[in-house]
Amino acid sequence: MPAACDSVLEDIEDIVSAEDLKPHDRQFVRKNVFPKVRKRSSQKNIQTDDDPPSDSIIPGAQKIWIRTWGCSHNNSDGEYMAGQLAAYGYKITDNSAEADLWLLNSCTVKNPAEDHFRNSIKKAQEGKKKVVLAGCVPQAQPRQDYLKGLSIIGVQQIDRVVEVVEETIKGHSVRLLGQKKDNGKRLGGARLDLPKIRKNPLIEIISINTGCLNACTYCKTKHARGDLASYPVEELVDRAKQSFQEGVCEIWLTSEDTGAYGRDIGTDLPTLLWKLVEAIPEGAMLRLGMTNPPYILEHLEEMAKILNHPRVYAFLHIPVQSASDSVLMDMKREYCVADFKQVVDFLKEKVPGITIATDIICGFPGETDEDFQETMKLVEQYRFPSLFINQFYPRPGTPAAKMHQVPAAVKKQRTKDLSQLFHSYNPYDHKVGERQRVLVTEESFDSNYYVAHNPFYEQVLVPKDPPLMGKMVEVNIYEAGKHFMKGQPVSDARVYTASITRPLAKGEISGLTEEFRHAPRNGTNWKAHPSADIPVKTPLSSWMALQLPWQQEGGGLKILSVSLALLAVLVMFYYGGMKTEL
């Protein structure tokens, strides 16, 4: 490679020519030089006060507001991120105005959810808040204009949220979007034993796998979550056991498709469920997540046995999306309406009283009036007690967005017609007068009742009596609405405590032992325990002292700074008369 100049410098002294002043000459020339005060801009001073240097910021002392949109998988991710941040010392606040940083955990399923996400980013920026983005939107499309310059934590990188938040608070932009792999094989995601803060201390949400085996033409989530990657059975069972030891009495299994679980690691969903059932204490309950029809057809017999188990809710969410085979083909759903009916009919016969929930998309591209009427007939036939009706929204980057669209007015009318059909029947009227066993786990949105669920995961509102929370009780059903029943506890019936130990307090961190739960947190850092894969704390100063300079944060810049400083000293030796003249 040619030199940047004609001659090569062998020494720093070669920079000085014969015509340059000698050190003793410079001494006399500078004797009449007077110092001059430079007036600094007041505006710059204001900016400096508002934006202190990153070195002066102490990570772990700030308040963080977390907002999550979307499915239970996304909610579980949000709980894990909250737990890690709180364990590090950050304060998780419900007050967005007082927060120093907003962590926005997004959903990409529908346009309205992304619109809310985009508006929240704008609001945070207007309020001069630091922002970290998470969830499926930035994972699927990190180069969107409104995401430029913002920190992003990928859906499989949530175990590194502390790092991203710390750097963002210092004024840096960080993006971690990679996949978790072990010897080249994609993993289900971050470890399941990380600290977390459950939104409801009585309910543990466990993601059993990420991604799916489908390629639905309307789905944007596939772009974010990718192909199927399952957690090992042992890790999931261990997570469930840990949850029960922390007072949890209800477990939700979640993923993009629970029915496909294990196909990538040589196991299947029934195998996992039987292992989990063995670990569930008496009075606690397990709820299964959404499964697509193709992946449960071959396990119908075993699934019926599991759903009849007294510690498993007789409930299954099976999306049909449309009752037209031609529409399902355009969606690339990989099943036909007959497959869906076979699953539903079999389970209704073998699991008496089972609740089947389903989803329907109104106005998918190419859907004709005849196609839509087939969907209306299906709902009329089965009268699903739980039906999620979605007007089709074309998601950017999906094949369905390029298809011929149904007019907006037609989509809106079909959505309205299906909603009217759904609200024309009351699925729980015949249950008034029944005596049911229910598990109380939540408070109603209006704060007037506690929310319980019977063995079919049907919602039962009970009196707001604090001793009932977390209990399995018997109630008499005296009223029924469209989405709920109301029950009065039976006075002479046994009240059973579902949790095997005291539940964690709201906001308390799961996954920390007593030793670390009461340890001081600010000014500390995490590292791996030498004898077990659990987090322990080391003072930040000691941790940094164990690292070589180039391993430390900003190490490269520090080495460059030292090198320049040494160069400056050499120049000062020459020009300041400190160099011995021969």
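Structure: above.
Residues numbered from 1 in each chain as written. Predicted model: local features only at pLDDT ≥ 70, side-chain atom pairs only at ≥ 80, totals over all residues. Heavy atoms only, no water.

Undergrad: Honestly, helix α6 (residues 161-169) in this entry has me stumped. Any pointers?
TA: Helical periodicity: at 3.6 residues per turn, an α-helix aligns residues three or four positions apart in one direction. In terms of residue burial, α6 counts as a mostly covered element, since 8 of its 9 residues are buried. Two residues or fewer after α6 comes G171, characterised by a positive phi angle close to 100 degrees. (Buried < 20%, exposed > 50% of the residue type's maximum accessible area, 1.4 Å probe, protein only. Helix = DSSP H or I, 4+ residues; strand = E, 2+ residues; numbered from the N terminus.)

Undergrad: Please clarify how the sheet that holds strand β15 (residues 355-362) should be interpreted in this entry.
TA: Sheet strands line up and pair through hydrogen bonds in the backbone, either parallel or antiparallel. Spatially, 3 strands are ordered β14-β15-β16 in an open sheet, and the strand pairing comes out parallel. Looking along the sheet, the strands with just one partner apiece sit at the ends: β14 (315-317) and β16 (386-391). Shown here is a sheet whose adjacent strand axes are inclined to one another by a mean of 15 degrees, direction ignored. In terms of strand pairing, β14 meets β15 through 3 bridges, oriented parallel. When the bridges of β15 are listed, F315 appears paired with T355. This element, helix α14 (residues 408-422), spans β15 and β16 of the sheet and lies at about 170 degrees to β16. (Pairing = 2+ DSSP bridges. Axes fitted to C-alpha atoms, helices over the stretch in contact; angles between N-to-C directions. Contact = heavy atoms within 4.5 Å.)

Undergrad: Looking at this model, I keep getting lost on the packing of aromatic side chains. Mind explaining?
TA: What the rule picks out here adds up to 11 aromatic pairs. Through pairs of rings, three or more aromatic residues link up here, namely W69, F117 and Y146. Looking at R287, its charged tip hangs above the ring of W252, at a distance of 4.1 Å from the centre. Stacked on the ring of Y425, the Lys or Arg K482 has its end atom at 3.9 Å from the ring centre. (Phe/Tyr/Trp six-rings, centres within 6.5 Å; stacked < 30°, edge-to-face > 60°. Lys NZ or Arg CZ within 6 Å of the ring centre and 35° of its normal.)

Undergrad: Please explain the packing of helix α10 (residues 300-307) against helix α12 (residues 337-350) as it appears in this structure.
TA: When two helices pack together, you describe them by how their axes are tilted relative to each other and by the distance separating the axes. It is the contact of α10 with α12, at a shortest axis distance of 10 Å, that shows an interaxial angle of 40 degrees. The pairing of α10 with α12 is recorded here as oblique in orientation. In the packing of α10 onto α12, the handedness of the crossing is right-handed. Two secondary-structure elements touch here, α10 through L300, E301, A304 and L307 and α12 through Q342, V343, F346, L347 and K350. Of the residues that constitute the contact of α10 with α12, the class distribution is 6 nonpolar, 1 polar and 2 charged. (Parallel < 35°, antiparallel > 145°, perpendicular 65-115°, else oblique. Left-handed = near helix turned anticlockwise from the far one by under 90°. Nonpolar A, V, L, I, M, F, W, Y, C, P; charged D, E, K, R; others polar.)

Undergrad: Teacher, can you tell me more about the nonpolar core here?
TA: Across soluble globular proteins, you tend to see nonpolar side chains buried next to one another. By size, the foremost hydrophobic cluster in this structure holds 96 residues, and its most contacted members are L85, L103, V165 and L347. Among the elements that line this core, the one with the most residues is helix α3 (residues 72-88), at 7 residues. With residues near it in sequence (within four places) discarded, V165 still touches I64, L85, Y90, L101 and V132. Ranked by size, the runner-up nonpolar core spans 17 residues in total, among them W102, C107, I121 and Y146. (Core = buried A, V, L, I, M, F, W, Y, C linked by side-chain atoms within 4.5 Å.)

Undergrad: Looking at this model, I keep getting lost on the environment of K482. Mind explaining?
TA: Mapped onto the secondary structure, K482 falls in the loop between β20 (471-480) and β21 (485-489). Once the C-alpha coordinates of K482 and N426 are considered, the two residues, 56 residues apart in sequence, prove to be 5.3 Å apart. In this structure the side chain of K482 is engaged in a polar contact, spanning 2.3 Å, whose partner is the backbone oxygen of F422. Reaching out from K482, the side chain makes a polar contact with the backbone oxygen of Y425 at a distance of 2.7 Å. (Polar contact = N/O pair within 3.5 Å; in protein donor to acceptor, adjacent residues only side chain to side chain.)

Undergrad: Would you explain the pattern of salt bridges in this entry?
TA: Close approach of charged atoms allows side chains of opposite charge to pair. Taken as a whole and judged by the stated rule, the model has 26 salt bridges. R118 serves as the salt-bridge partner of D115, at 3.0 Å between the closest nitrogen and oxygen. Of this pair, D115 and R118 are both found in helix α4 (residues 111-126), 3 residues apart, which corresponds to roughly one turn of the helix. When its relative accessible area of 35% is taken as the criterion, D115 is described as partly exposed. Overlapping salt bridges, with partners in common, bring together E79, K196, R198, E204, R239 and E246 in one network. (Salt bridge = Lys/Arg side-chain N within 4 Å of Asp/Glu carboxyl O.)

Undergrad: Which parts of the structure should I look at to understand helix α13 (residues 369-382)?
TA: Given a rise of 1.5 Å per residue, 14 residues ought to cover 20 Å, and the 20 Å separating the end C-alpha atoms of α13 matches this to within 8%. Looking at the buried positions of α13, the neighbouring elements they touch are α11 (325-331), α12, β15, β16 and α14. Among the residues trailing α13, R383 stands out with phi positive, at a value near 45 degrees. (Expected span 1.5 Å × (residues − 1).)

Undergrad: Please explain the pairing of strand β17 (residues 435-443) as it appears in this structure.
TA: The two faces of the sheet receive side chains in turn, since in a regular strand these alternate between them. In this structure, β17 lies alongside β20, joined through 5 bridges in antiparallel fashion. Bridging across to β20, L439 finds its partner in M472. Sheet topology note: the β17/strand β18 (residues 449-453) ladder contains 4 bridges and is antiparallel. The partner of E443 across the bridge, within β18, is Y450. In sequence, β17 turns back onto β18 through a hairpin of 5 residues, with S447 there showing a positive phi of about 65 degrees.

Undergrad: What should I look at first to understand the sheet that holds strand β13 (residues 285-287) in this one?
TA: Taken in spatial order, the 3 strands of this open sheet run β9-β12-β13, and their pairing is parallel. Because the sheet does not close on itself, it has two edges, and the strands there are β9 (203-207) and β13. The average undirected angle you get between the axes of adjacent strands in this sheet is 20 degrees. As paired elements, β9 and strand β12 (residues 250-254) share 5 bridges and run parallel to each other. Paired with I203 across the strands is E250, a residue of β12.

Undergrad: Any chance you could explain the pairing of strand β19 (residues 459-463) here in plain terms?
TA: Inspection of the sheet shows β18 paired to β19 by 5 bridges, in the antiparallel sense. Each bridged residue has a counterpart across the sheet, and for H453 the counterpart in β19 is Q459. A loop of 5 residues connects β18 with β19, the two strands running antiparallel in sequence, and Y457 in this loop sits at a positive phi of about 55 degrees.

Undergrad: Can you help me understand the environment of T210 in this one?
TA: In this fold, T210 is placed in strand β10 (residues 209-210). According to the relative accessible area criterion, T210 is buried, its value standing at 1%. Counting along the chain gives 47 residues from T210 to D257, while the straight-line C-alpha distance between them is 8.1 Å. Excluding residues that lie within four positions of it along the chain, T210 makes contacts with H73, Q156, R186, L187, G188, R225, D227, L228, A229 and E256.

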